[in-house]
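Observations on the three-dimensional arrangement
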Amino acid sequence: MTGTLENFLFPFHLGVLLIGFACFGFASLAALVYLIQKHELKSKHLGKLFLLLPSLETLDRLAVRSLIIGTVCLTAGVATGLYLAHLVWPRDWTKDPKVLFSFATWLWFLLLLGVRYKAGWRGRKFFVLIFIGFLFLVLTFLVSLWRWM
Amino acid sequence: MDVVVIGISHQTAPVEFREKLDFSKHAKESYLSKLMEQQSVSSGLVLSTCNRVEVYAAGQSETALLNDAEKFLQQFHNVNPTEVRHFFYSKTNREAVKHLFRVASSLDSLVIGEPQILGQVKEAYFDARSMTPIDPFFERLVQKAFSVAKRVRTETKIAEQSVSVSHTAIELAEKIFGELSHCRVLMVGAGEMVEIASRSLVQRGVKRILFANRTYEHSVELAQSYGGLPILLPQMDEYLVEADMVFVSTSAPFYLITREKVEAVLSKGKQSPMFFIDISVPRNVDPSIHELEEIYLYNIDDLKGIVDANLQMRKEEAEKAETIIEAEVARFYQGVEKLEVAPLIRNLQDKYEVVLRQEMERIQSRFSGLTAQELLVLEKSISSAIRKVLNDPILFLKGEGNPRSSLERAELLRQIFRLDHKVKEEEDGSV
């Protein structure tokens, strides 16, 4: 474990994961605001909130761009994480729940980009997938903290 | 300096009468020169729009100004005074200034907050300025009206939300699509609303605009006017899948766009939002499509509901604007008063500076033995005495809280100290 912390890749691993985490957080927030704004438009009761919030298109674009940047960061974070784990536990790193969770989250976000760009998903169903992804991420983070402590 | 306004507006006179007094059909030179020929008018302007005709005039006597301005309106348009008098309103000084600020800020408009009126006031002012020199008081007044209108617009939400059905629909579209430059629009039907909406959409640079109509020639005409493409009404279904926004305004007594048609579009894999605006009565778009994911439908009642809410909001904001205007009228008069008082103080001081010089010369010639130092002491003493004597009248002139207006105070002081008379004339009667 000490070897991992001293490795120069560790700060990079931590940094990109934090940026990725922030991006997914931002994507989830944009998705949430999208759903609120959509609800305003659907209900036809256009209050002050409606005037304040940006357009659906802007929110969708913000969410997707954050998702792309977040996925790139997560890819870099997971790759460096796998390498560092391999250094510490050459044989049994695959059994580490943190690593498995991270891997699953990464796959989930890749899948998200796939459904967006291959199947053209947007709106509520796509944003629900973002929320689930964010939940995965929070779990991964909690598991990492727990492992660390 | 006095200022008056006399005129008619949508609140006081019917359109037939406003038409009679309309200046816009006459050459500017002809009516502005007639106005300036009036004896009491030193500066003035004529504001003539479809909702109001007003003459603003500044000069030395408010009574003469009112008479002359009214006479000008009646004579220029050749109308009978007894027949028209009850349509007119007139205001003087503070009330006239407040009226101009309210008009320029669009608080007196038929649709509160409409943006055209400020431009019309500016145009009236520039026309007047191009014809005759404007005196500083009137210049200051009109410039202040422009800045008040700007302040009202930026500090209140009086002009924020649209109060026309077509523009409200476009604002909603912007809340869905953001910039409309990548939007493809399908306009179904014809009529004024379609034209207004098309104009606004083209101004916003929509990517493509298609016109469908039962009469193909109408589609062609609209397409030519707004740079779009005409299509036949039966072709509408196949173009529906490519449209982001569909604006429907026809007189068809049935649903032109049914739920089945929209579901067929969605089944082709369209996932991006679609916005339908149906301003037809009876409705031409099946209202149940609003339940579909990423489909938004607003009909005429929905849009009118938003327009009414916006109008109500403008009325609420207008109350805030009235407070701003009250404050600005007070500030304008404070500025004017300072302008009138400052030269008077200077006059007073100058006059007694001359008295001092003359007294010193007299002393010098009578008592030739006085040294330069003694003369200096004497001069300082007389000067100090004069300052002390003048201190009270100056305080009276500046005096805030005095029930008399500063203009009245200034006039009183001008008479007491005979500021319009040269010192020499006074000397004759003095020691």
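Being a predicted model, the structure only gives us computed values, none of them experimental.

Here we look at the overall build of chain B
- Looking only at helices and strands, chain B features 16 helices and ten strands.
- For chain B, with 431 residues in total, the buried portion stands at 48%.
- Of all intrachain contacts in chain B linking residues separated by at least 6 positions in sequence, the fraction that spans at least 24 positions is 69%.
- Only carbon and sulfur atoms are counted for the fraction: they give 52% of the accessible area of chain B, which is about 21,700 Å².

So, the overall build of chain A
- Regarding its fold elements, chain A presents six helices and zero strands.
- Across the 149 residues of chain A, 41% fall into the buried class.
- Look at the contacts in chain A between residues 6 or more apart in sequence, and 77% of them connect residues 24 or more apart.
- Of the roughly 8,300 Å² that chain A leaves accessible, carbon and sulfur atoms contribute 74%.

Here we look at the confidence of the model for chain A
- Taken as a whole, chain A shows an average pLDDT of 84; of its residues, 91% reach a score of 70 or greater.
- For chain A, helix α1 (residues 2-6) of chain A is the element with the lowest average pLDDT, namely 57, and helix α2 (residues 9-43) of chain A is the one with the highest, namely 91.

Describing a nonpolar patch on the surface
Residue and element names in this part refer to chain A.
- On the surface, a nonpolar cluster with roughly 510 Å² of combined accessible area is contributed by Leu14, Leu18, Leu139, Phe141, Leu142 and Leu145.
- Every element with two or more residues in the nonpolar patch is listed here: α2 and α6 (123-148).
- Looking at which element gives the most residues to the nonpolar patch, the answer is α6, with four residues.
- The topology assignment puts Leu14 in helix α2.
- For Leu14, a relative accessible area of 36% gives the class partly exposed.

Structural notes on the state of the cysteines
All names here are of chain A.
- Applying the stated criterion to the full structure yields zero disulfides over all chains.
- With no disulfide partner, Cys73 has as its closest neighbouring cysteine sulfur the one in Cys23, 5.3 Å distant.
- Residue Cys73 is classed as buried on the basis of its relative accessible area of 11%.

Considering the interface of chain A and chain B
- Of the residues lining the interface, 22 residues belong to chain A; the matching set on chain B comes to 22 residues.
- Between chain A and chain B, a total of about 1,800 Å² is buried, with carbon and sulfur atoms accounting for 51% of that surface.
- Linking chain A with chain B are four salt bridges.
- The partner of Glu293(B) in a salt bridge is Lys38(A), with the nearest N and O atoms 2.6 Å apart.
- Where chain A packs against chain B, one counts 16 residue pairs in polar contact (both at pLDDT 80 or more).
- If one sorts the elements of the side of chain A that touches chain B by residue count, α2(A) sits on top with six residues.
- Of the residues assigned to the side of chain A that touches chain B, the class counts are ten nonpolar, four polar and eight charged.

So, the packing of helix α8 (residues 165-177) of chain B against helix α9 (residues 192-203) of chain B
All names here are of chain B.
- Closest axis-to-axis distance for the α8/α9 pair is 9 Å, and the angle between their directions is 40°. What the angle tells us is that α8 and α9 run oblique. As α8 runs across α9, the sense of the crossing is right-handed. Counted together, Val165, Ser166, His167 and Ile170 of α8 and Met193, Ile196, Ala197, Ser200 and Leu201 of α9 form the full contact between these two elements.

Quick look at the side chain of Lys38(A)
- Mapped onto the elements, Lys38(A) comes out in helix α2.
- Side chain to side chain, Lys38(A) and Glu294(B) meet in a polar contact 2.9 Å long.
- Excluding anything up to four places from it in sequence, Lys38(A) contacts Leu56(A), Arg124(A), Glu293(B), Glu294(B) and Tyr296(B).

Let's talk about unusual backbone geometry
All names here are of chain B.
- Following Val281, the chain continues into Pro282 via a peptide bond in cis, with omega recorded as 0°.
- Looking at where Pro282 falls in the secondary structure, it is placed in the loop between β9 (274-278) and β10 (295-299).
- The phi dihedral of Ser106 falls on the positive side, at around 65°, and the residue is not glycine.
- With respect to the helices, strands and loops of the structure, Ser106 is situated in the loop between α5 (93-104) and α6 (116-131).

Quick notes on the packing of aromatic side chains
- Summed over all chains, the structure comprises 21 aromatic pairs over all chains.
- Each ring, one from Phe21(A) and one from Phe141(A), has its centre 5.1 Å from the other, and the planes form 40°; the classification is tilted. With Phe21(A) in helix α2 and Phe141(A) in helix α6, this residue pair connects regions lying 120 residues apart in the sequence.
- A residue is classified by how much of its surface remains accessible, and Phe21(A), at 23% relative accessible area, is partly exposed.
- A relative accessible area of 38% places Phe141(A) in the partly exposed class.
- Between Phe72(B) and Phe76(B), the aromatic rings sit 6.0 Å apart at their centres with planes inclined by 40°, giving tilted as the arrangement. Placement of the pair is Phe72(B) and Phe76(B) together in helix α3 (residues 62-77), with a separation of four residues, close to one helical turn.

Topic: α2(A)
- The end-to-end C-alpha distance of α2(A) is 51 Å, a good match for the 51 Å that 35 residues give at a rise of 1.5 Å each.
- At the exit of α2(A) stands Lys44(A), carrying a positive phi of roughly 65°.

Brief notes about the packing of α8(B) against helix α13 (residues 300-366) of chain B
All names here are of chain B.
- Taken N-terminus to C-terminus, the directions of α8 and α13 make an angle of 95°; their axes are 9 Å apart at the nearest point. Taken together, the axis directions place α8 and α13 in an arrangement best described as roughly perpendicular. Here Val165, Thr168, Ala169 and Leu172 of α8 lie close against α13, whose contacting residues are Ile300, Leu303, Lys304, Ile306 and Val307.
- Taken together, the residues of the contact of α8 with α13 break down into seven nonpolar, one polar and one charged.

Side note on the nonpolar core
Residue and element names in this part refer to chain B.
- Ranked by internal contacts, the top residues of the largest apolar core, which has 59 residues, are Leu45, Phe101 and Phe138.
- Residue contributions to this core peak at nine residues, all from helix α7 (residues 136-155).
- Setting aside anything within four residues of it in sequence, one finds Phe101 in contact with Leu141, Lys144, Ala145, Val148, Ile325, Glu328, Val329 and Phe332.

Procedures and definitions
- Residues numbered from 1 in each chain as written.
- Chains lettered and ligands numbered in written order.
- Predicted model: local features only at pLDDT ≥ 70, side-chain atom pairs only at ≥ 80, totals over all residues.
- Heavy atoms only, no water.
- Helix = DSSP H or I, 4+ residues; strand = E, 2+ residues; numbered from the N terminus.
- Buried < 20%, exposed > 50% of the residue type's maximum accessible area, 1.4 Å probe, protein only.
- Contact = heavy atoms within 4.5 Å.
- Areas by Shrake-Rupley, 256 points an atom, 1.4 Å probe, with all protein chains shown as cover.
- pLDDT = per-residue confidence, 0-100.
- Patch = residues over 30% accessible without salt bridge, like charges linked within 9 Å, V, L, I, M, F, W, Y side chains within 5 Å.
- Salt bridge = Lys/Arg side-chain N within 4 Å of Asp/Glu carboxyl O.
- Disulfide = S-S within 2.5 Å.
- Buried area = accessible area lost by both parts, 1.4 Å probe.
- Polar contact = N/O pair within 3.5 Å; in protein donor to acceptor, adjacent residues only side chain to side chain.
- Nonpolar A, V, L, I, M, F, W, Y, C, P; charged D, E, K, R; others polar.
- Axes fitted to C-alpha atoms, helices over the stretch in contact; angles between N-to-C directions.
- Parallel < 35°, antiparallel > 145°, perpendicular 65-115°, else oblique.
- Left-handed = near helix turned anticlockwise from the far one by under 90°.
- Phe/Tyr/Trp six-rings, centres within 6.5 Å; stacked < 30°, edge-to-face > 60°.
- Expected span 1.5 Å × (residues − 1).
- Core = buried A, V, L, I, M, F, W, Y, C linked by side-chain atoms within 4.5 Å.

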